[in-house]
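An overview of the molecular structure
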Amino acid sequence: MKYISLPDEKVRRLSFYLAMEEFVARRLDEPDGFFLWQVEPSVIFGRNQVVENEVNLDYCKAHGIKVYRRKSGGGCVYADMDNLMWSFITTGENVGFAFNRFVNMVLLVLRKLGIPATGTSHNDIMIGDRKVCGTACYHVAGRSIVHSTMLYDTNMDHMLNAITPGPEKLEKKGIRSVHQRITLLKDYLQEDFCPKSVSSLKDFIREILCEEEYVLTEAEVAEVEQIEQNYLKEDFINLIQQ
C-alpha cells in the first residue's frame, strides 16, 4: 500500500484532509492509498446529522473549536492534536469489504503494539469493553473511502461538551458514562516497547502498513484546496438531509 504524503508538515484544517481523501480517490491511479493526520480542536459530524442537534455551537465558538460536516455517515466526533486520524482509500464499492480490510489493518497495528484489541459488528475498535477507535465510509467514483478517529489522548472536557448541545441532553445521555465507554491508547503502551507519542506512533503505523510513498505536488495540493472549498460552504455544513 502506498502512503500519501504532503510536501510540507504544516497542520491544515480538517476540511483539507477530507478533500485530500476525495482527491486521492478521484485523481490518483493507486489501488490503495493511506495517510494519517492531526488537526487543531475540531468537531466533525456525519452527512445525515443536523448540526444544531449534535454540536454545542456556543461551546465550540467560545473555545475556538471548528465545526465540519463529512460525507460519510455515523456520529459526531471531537478531534484534536492528541487524536490520530486515519484515511484509507481503496478500489471498489463493497462497503463490507472496505470496512473489513480497514479494521484488520488497525487490529494488526494494535496487536503489534502488544494490545489485544478487537473489532465489532459496527466497525468500532475495542480494547476490552471500551472503544478506542470508530470508523465511517463512503463511495467516490468506484472507490471506497474509510476514515477513523483513534483516541491516543484527548482534551476530555472538550470531547464531553463540544458534541452535546446543552444541559438537558447532557443529563439525558448520561454524559458521565462516556468515561466508562471509551479509552485512550496511550494508557496501554508499554514504556520499553511501544512509541510514546503521537508522532512516533504515526511512524510506527506507516512502517507496518505501507511499502511506498507518493508525495503530492504543489499543483496537486492546490487541487485539494479547490475541493476543500465545497466543505467550507455554509449550505453544505448546514445541509439537512431529507
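Below is a short write-up of the structure. What you see is a predicted model; the values in this text were computed from it and never measured.

Calculation rules
Every residue gets a number counted from 1 within its own chain, in the order that chain's sequence is written. Since the coordinates come from a predicted model, pLDDT governs what is reported: local features require at least 70, and pairs of side-chain atoms require 80 or more to be given and counted, while whole-chain, interface and lining totals use all residues. Note that water and hydrogens are dropped before the side-chain values are worked out from all heavy atoms of the structure. Throughout this description, buried means an accessible area under 20% of the type-specific maximum (1.4 Å probe, protein chains only), exposed means over 50%, and partly exposed covers the range between. To qualify as a helix, a DSSP run of H or I must reach at least 4 residues; to qualify as a strand, a run of E must reach at least 2; elements of each kind are numbered from the N terminus. Whether two strands pair depends on DSSP finding at least two bridges between them. Any two cysteine sulfur atoms lying within 2.5 Å of each other are counted as a disulfide. Note on definitions: a residue-residue contact is assigned when non-hydrogen atoms from the two residues lie within 4.5 Å.

Within a regular beta strand, the side chains point alternately toward one face of the sheet and then the other, so they alternate between its two faces. Alternating residues of strand β3 (residues 42-45) divide into Ser42 and Ile44 and Val43 and Phe45, and every residue in both groups is buried. Where β3 meets strand β4 (residues 66-69), four bridges bridge the pair, whose relative direction is parallel. Bridge assignment links Val43 to a residue of β4, and that residue is Val67.

Working definition of a disulfide: a covalent bond connecting the sulfur atoms of two cysteines. Evaluated as defined, the whole model comprises zero disulfides. Residue Cys76 stays outside any disulfide, its sulfur separated by 7.9 Å from that of Cys60, the closest cysteine. With no disulfide of its own, Cys137 lies 14 Å from the sulfur of Cys133, the closest cysteine sulfur.

This brings us to the side chain of Glu228. Considering the arrangement of structural elements, one finds Glu228 in helix α9 (residues 218-232). The buried category is assigned to Glu228, whose relative accessible area is 3%. With near-sequence residues (within four places) excluded, Glu228 lies in contact with Arg13, Ser15, Phe16 and Ala19.

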